[in-house]
Amino acid sequence: MASGSSQPVTELLARWKSGDVSARDALVPLVYDELRRIARRCMSNQSSSNTLQPTALVHEAYLRLARHDSMDWQDRAHFFALAAQMMRQILVDHARKQAAAKRGGNALTVVVDEGSAISRERNLDLIALDDAMKRLASLDPRQCQIVELRFFGGLSIEETAQTVNISPATTKREWATARLWLYQTMSSHSQL
Amino acid sequence: MTPERWDRVKEVLATALELPPHERASYLDRQCIGDDALRSEIELLLRGEQEAGSEFLGESSFAEAATALIPIEDHSWIGRRVGAYRIVEQIGAGGMGEVYRAFRADDQYCKEVALKVIRAGQDSNSVITRFKNERQILASLEHPNIARLLDGGTTEDGVPYIAMELIEGRPITEYCDHFKLSIAERLRIFLQVSSAVQFAHEHLIIHRDIKPGNILVTTDGTPKLLDFGIAKILEADPAAGHADATKTAFRVLTPRYSSPEQISGEPMTTASDVYSLGVVLYELLTGRSPYRVTTGSPQEMAQAVCAVDPQKPSFAVGRVEPVRNPPSQPAELDELSAARSSSPERLRKRLNGDLDNIILMALKKDPFRRYRSVEQLQEDLRRHLDNLPVLARNDTAWYRASKFVNRHKAGVILSGTFVLALLCGMAITLHEAQVARRERARAELRFNDVRKLANSLIFEIHDSMRDLSGATPARKLLVTRAQEYLDSLAKEASGDTSLQRELAAAYDRVGDLLGYSGAANLGDLAGALQSYKKALAIREVLAAANPHNPSIESDLLNDYFHLSFVLMDSLDYSGALDVLRKGLPIAQELAATRSDPISKDILAGFYWKTGGILLETGDYAHAADSFRQSISIREPIATASNSSPQFRTHLAGDYMGLATALLNTGDVNLALEASNKGLHLLEELSRSNPTNATLREYLGEAYNLSAPLSEKKGDINLALEYYSDAHRIFGDLRTRDPANSLARANFGFSDLGIAHEFQLKRDIQPAFPRIREAIETFEGIEHKNRYDLEGQAKSYEAMAMAYQALANRESSSSGKAHDLREERTWLQKSKTAWEQDSRSGAPDPLAIHDGARVRKELAQCESELAKL
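Treat the numbers as computed from the prediction; the structure is a model and nothing was measured.

Trainee: How should the overall build of chain A be read in this particular structure?
Mentor: Along the backbone of chain A there are nine helices and zero strands. Reading chain A from its N terminus to its C terminus gives the helix and strand order α-α-α-α-α-α-α-α-α. Burial analysis of chain A (192 residues in total) assigns 45% to the buried set. Across chain A, contacts joining residues at least 24 apart in sequence account for 63% of those joining residues at least 6 apart. Roughly 9,800 Å² of accessible area belongs to chain A as shown, and the carbon and sulfur atoms make up 51% of that amount.

Structure below.
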């Protein structure tokens, strides 16, 4: 999935920052590819203790793509925002595919070890989260972005604040209230 | 809900959250006047605070959600087409990847296969390459008890897979327990299994991963072996220098069934399969593992396999076991014996005696002391079943007392932190190490062959590292960790002299680990070179900044020395000479200013090493000069009273080097004089240090060199004596330490020497058994280096020459024809071996020369035959 552009990521990020939307479009497949690759690699180790830390993934993707340690924070912020979006897309896509496979198709005899079956029940329903976030976005796009950065991008309060350009205190409040709203939305839906 | 509404809700909610719970109610009272909907909305949301807790959208929830998802995606292979097969369902998952049931999609007849996906996280290209190499042989293994290998390839994603005959059955241990088979019945099924292994051995395939999971018994009671030779294909190639090699090495290893030599990374032989079969047999008969472990961790098990004697099977059925080991089997004795249709007491009696001894013999740590082949093991078991006496016997006391029994007693797998501590430890310079007199029962030295005798180096300091360097997976782990640590340290070290020195010393050690192992391959040598160069770079800077600092200078010399050694092993002779030339003036200065014996020894070492390299390049005249120089420097310090035996050993090396050079320049008398001096020194040293295996090795080498010299002088009987002495020494060394490849090769060479002398005496018959022993020895070496290939080629040639001698005496033409045909066969074998040798590396002048000679002999032999 190579993008036509062979421009380095830093350049693309700089262009995007100065308002060039096409640069962002060029970045998307690069970031997406890289994240997927890293995620696959982590997962192929097949050990249950090997969990996926979003920050680690994004940092790694960043390092691999940007290859430039001393980059403008603003550029990094853009990058992380993009990466968080990508991360969300990747995971939700997978979740939807998996759900589809379960519902339709032939009777599959997939051998699943008991451990993961149990934990999956406790796990977050990413599809429900995605749906809820879409609804939140129509109410408050900035809050949705904060959730995306925090949960899918793994950014701290401070980092999120810088990326979205608000104070950490405000970020905290936005995060707290968004969380509760999402929780309530998701649990009321699941009762249906 | 509208955005505006949400704004309001948010505001109140946020403030409420920041208040302590008991104040919230009154706050809401104030805020929600006239707006009950707002209040109930907020209260609803607040209720979620408790329920959601910190986990909802918390750090770990992302990780869990992601983890649960992504692996499943890979399982959607079901229904896919992979190569010529279509996947039906997953039937299992192993450490290496999933196993699917599939069928051939492009055929009329739907043959079902087991498709194994290899996801060991390695470079799939090298896996595929190795698979291609092995495929021919593996696919040709047709035996009723072996699961056929059918096919292999890669998917579009580049994931390697293997298609095998689909076997539906139970692991042998489970099968036998389920049907409560008696001891005799278990033995009979085991015999079928071992027939399969024996069959594979006859086809030159070692299984390498025999375990109950790989021995399935079908519903009709037929055992089938899976995964023959797969372990070899999957083995991470150390030379590839792959960063993940250490991880995969550990993952592939199931220490429970692995032989000691496999765990320490030594070459595997058919005896390794014998060992693994022994473990399986042990578990079949006792329901227990031969080794008691407490934690069950792989490290603990690996240690036990290498260093702990297994418990007698008849005792094992009586021992109490923590339930953990093994988890699938009953811990109670009654259950164990019931699964064998017996009672605890009867079971113990049944196993006592023959079966105890047979199993223990298969489990010997020393491969030489096990059954020599699976067939032997089988025969002993059959004899037992027929109530005939068996071969296996109790250990004799003297052998157990021998110190050399267990080579791996020192910790095989050390933890990373321990090694780092070693590495970061004191910057022990070569100087200090030589002064510190540590008792070394086995300073493992590698004198290569008679020609290379001069090119070895004594490094007492590295003994503890040597035990480490035997264990390849452990070593790889250590080296990786060490390199990581060092490179990170290097970034911070500039400007800090003592840290830099520590760093350089540590790079040295890493270089040593890589370069001084018994069978360093090219990958290791390149790594060692890199490490030494790093150390050198640091030290050169230090030396320039601190001129005339003797300890920095001796460190520097150290590096030049190591570097030249590794360069020589990498066949870069001019590079090695350059490095020595660089170091020589420094060594000279050091010896002049300090004028202590050790600095002089080091200086002499430079000349000696130079001589050794010149011998390799064939410049014998200059080599002799170099050796003479080293002798002139060393003689005074070695012959001084109270001098360290090390100086005398080095001096002996000087003499032998000189003798070798002179032998080749044709100055036989002078050569003999030098070799006699060397021999005399070594005999004396060996007498006063009888347990020192290294000295015995040198002595053996010296005999092997003195023999041809005596022969040249015409004293055949003395030559024979020397060769026999060498034969005795190397035979002994080989038995005590089967992993010593040098001792094996020299054992073979001394056999050839004996045979040669007999032939000179016109006494052909005694030559034959010697030559046969040499052939057996060389053929028995699994991973042959060039020295071994040379030996093999020479022994074939020797056999050919022996038949030629017979042919010359033979009067009848039929007898003569027979002998000549034998000669031809052996010459052809020799020719092939020489060709193999020349293919295996840079052209060796000797190989070319000898190869040509063999071809000439072959031509002559053919023409003789044609005349008859």
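Trainee: Help me out: how do you make sense of the overall build of chain B in this one?
Mentor: Across its full length, chain B carries 37 helices and nine strands. Scored against the burial criterion, the 868 residues of chain B give a buried share of 54%. By sequence separation, contacts in chain B at least 24 residues apart represent 67% of the contacts at least 6 residues apart. A total accessible area of about 37,400 Å² is found for chain B, and carbon and sulfur atoms account for 52% of it.

Trainee: Just checking my understanding: could you explain the environment of alanine 852 of chain B for this structure?
Mentor: Summarising the element assignment, alanine 852 of chain B is placed in helix α37 (residues 845–867). Separated by 18 residues in the primary sequence, alanine 852 of chain B and tryptophan 834 of chain B have C-alpha atoms spaced 9.3 Å apart.

Trainee: Explanation requested: the packing of aromatic side chains in the structure shown.
Mentor: Describing an aromatic ring pair means giving the distance of the ring centres and the angle of the ring planes. Residues and elements named next belong to chain B. Counted under the stated rule, the structure contains nine aromatic pairs over all chains. Look at tyrosine 175 and phenylalanine 179: their rings are 4.8 Å apart centre to centre, the planes differ by 55°, and that puts the pair in the tilted class. Between phenylalanine 561 and phenylalanine 606 the ring centres are 5.1 Å apart and the planes differ by 85°, which places this aromatic pair in the edge-to-face class. In this pair, phenylalanine 561 is assigned in helix α25 (residues 550–569) and phenylalanine 606 in helix α27 (residues 597–617), connecting sequence segments 45 residues apart. According to the relative accessible area criterion, phenylalanine 561 is buried, its value standing at 9%.

Trainee: Looking at this structure, I do not really get the sheet that holds strand β9 (residues 223–225) of chain B. What am I missing?
Mentor: Either a parallel or an antiparallel arrangement is found when strands of a sheet pair, and the pairing is made through backbone hydrogen bonds. Residue and element names in this part refer to chain B. Within the open sheet, the three strands sit side by side as β7-β8-β9. Their pairing is antiparallel. Either end of the sheet is taken by a strand with one partner, and the two such strands are β7 (170–171) and β9. Bridge count for strand β8 (residues 215–217) against β9 is three bridges, and the pairing is antiparallel. Bridge assignment links valine 217 to a residue of β9, and that residue is proline 223. Sheet contacts for helix α7 (residues 183–202): β8 and β9; angle to β9, the most-contacted strand, approximately 30°.

Trainee: What is the right way to read the packing of α7 of chain B against helix α17 (residues 374–385) of chain B from this model?
Mentor: Helix-helix packing: each pair is described by the crossing angle between the helix axes and the interaxial distance. Residues and elements named next belong to chain B. The interhelical angle for the contact between α7 and α17, taken along N-to-C directions, is 155°, at an axis separation of 9 Å. Our classification of the angle between α7 and α17 gives roughly antiparallel. The way α7 lies across α17 gives a crossing that is left-handed. Where α7 abuts α17, its residues Ala184, Leu187, Arg188, Phe190, Leu191, Ser194, Ser195, Val197, Gln198 and His201 lie against Val374, Glu375, Leu377, Gln378, Leu381, Arg382, His384 and Leu385.

Trainee: So what exactly am I meant to see when it comes to unusual backbone geometry here?
Mentor: Most peptide bonds adopt trans geometry, and most residues besides glycine take a negative phi value. Residues and elements named next belong to chain B. Non-glycine residue arginine 208 carries a positive phi angle of around 80°. For arginine 208, the position within the fold is in the loop between α7 and β8. Take arginine 208: its relative accessible area is 10%, and that puts it in the buried class. One non-glycine residue, arginine 762, lies in positive phi territory at about 65°. Looking at the secondary structure, you find arginine 762 in the loop between α33 (741–760) and α34 (767–779).

Trainee: What is the right way to look at α27 of chain B in this model?
Mentor: Because the α-helix completes a turn every 3.6 residues, residues three or four places apart line up on one side. Taking 1.5 Å of rise per residue, the 21 residues of α27 of chain B would be expected to cover 30 Å, and the 30 Å separating its terminal C-alpha atoms lies within 8% of that figure. The buried fraction of α27 of chain B amounts to 18 of the 21 residues, a majority that puts the element mostly inside the structure.

Trainee: Sorry if this is basic, but what is going on with the confidence of the model for chain B here?
Mentor: For residues with low pLDDT, the predicted coordinates do not support detailed interpretation. Residue and element names in this part refer to chain B. Averaged over every residue, the pLDDT of chain B is 75; the share at 70 or more is 74%. Mean pLDDT values over the elements of chain B span from 27, in helix α20 (residues 430–435), up to 94, in β9. When the criterion is pLDDT under 50, residues 322–330 qualifies, and its contacts beyond four places in sequence or with other chains add up to 16 contacts. Predicted confidence for residues 517–522 stays below pLDDT 50, and this span has nine contacts to residues more than four positions away or in other chains. Taken together, the chains of this predicted complex give a pTM of 0.40 and an interface ipTM of 0.72.

Trainee: I tried to follow the pattern of salt bridges on my own but got confused; where do I start?
Mentor: Any two side chains of opposite charge can pair, given that their charged atoms come close. Counted under the stated rule, the structure contains 36 salt bridges over all chains. The closest approach of N and O atoms between glutamate 174 of chain A and arginine 142 of chain A, which form a salt bridge, is 3.0 Å. Residue glutamate 174 of chain A is located in helix α9 (residues 168–190), and its partner arginine 142 of chain A is located in helix α7 (residues 141–152); the two are separated by 32 residues in the primary sequence. Residue class for arginine 142 of chain A comes out partly exposed when judged on its relative accessible area of 34%. Arginine 5 of chain B is paired through a salt bridge with aspartate 35 of chain B; the nearest N and O atoms lie 3.0 Å apart. Pair noted here: arginine 5 of chain B is in helix α1 (residues 3–18) and aspartate 35 of chain B is in the loop between α2 (21–31) and α3 (36–52), with a separation of 30 residues, a long-range link. Through salt bridges with shared partners, a single network forms among Asp140, Arg142 and Glu174 of chain A together with Asp7 and Lys10 of chain B.

Trainee: Just to check I follow, could you spell out the packing of helix α6 (residues 126–139) of chain A against α7 of chain A for this structure?
Mentor: Residues and elements named next belong to chain A. It is at 6 Å that the axes of α6 and α7 come closest, and there the two elements cross at 145°. In this structure, α6 uses Leu126, Leu129, Met133, Leu136, Ala137 and Leu139 to contact α7, whose residues at the interface are Pro141, Gln143, Cys144, Val147, Glu148, Phe151 and Phe152. Grouping the amino acids of the contact of α6 with α7 by side-chain chemistry returns 11 nonpolar, one polar and one charged.

Trainee: Would you explain the pairing of strand β6 (residues 160–165) of chain B in this entry?
Mentor: The side chains of a regular strand alternate between the sheet's two faces. All names here are of chain B. With five of six residues buried, β6 lies mostly within the body of the structure. Pairing analysis gives five bridges linking strand β4 (residues 112–117) to β6, with the strands arranged antiparallel. Counterpart to leucine 115 in the pairing with β6 is alanine 163. Relative to β6, strand β5 (residues 149–154) is paired through five bridges, and the arrangement is antiparallel. Considered in β6, the bridge of aspartate 151 is made with alanine 163.

Definitions and limits used
- Residues numbered from 1 in each chain as written.
- Chains lettered and ligands numbered in written order.
- Predicted model: local features only at pLDDT ≥ 70, side-chain atom pairs only at ≥ 80, totals over all residues.
- Heavy atoms only, no water.
- Helix = DSSP H or I, 4+ residues; strand = E, 2+ residues; numbered from the N terminus.
- Buried < 20%, exposed > 50% of the residue type's maximum accessible area, 1.4 Å probe, protein only.
- Contact = heavy atoms within 4.5 Å.
- Areas by Shrake-Rupley, 256 points an atom, 1.4 Å probe, with all protein chains shown as cover.
- Phe/Tyr/Trp six-rings, centres within 6.5 Å; stacked < 30°, edge-to-face > 60°.
- Pairing = 2+ DSSP bridges.
- Axes fitted to C-alpha atoms, helices over the stretch in contact; angles between N-to-C directions.
- Parallel < 35°, antiparallel > 145°, perpendicular 65-115°, else oblique.
- Left-handed = near helix turned anticlockwise from the far one by under 90°.
- Expected span 1.5 Å × (residues − 1).
- pLDDT = per-residue confidence, 0-100.
- Salt bridge = Lys/Arg side-chain N within 4 Å of Asp/Glu carboxyl O.
- Nonpolar A, V, L, I, M, F, W, Y, C, P; charged D, E, K, R; others polar.

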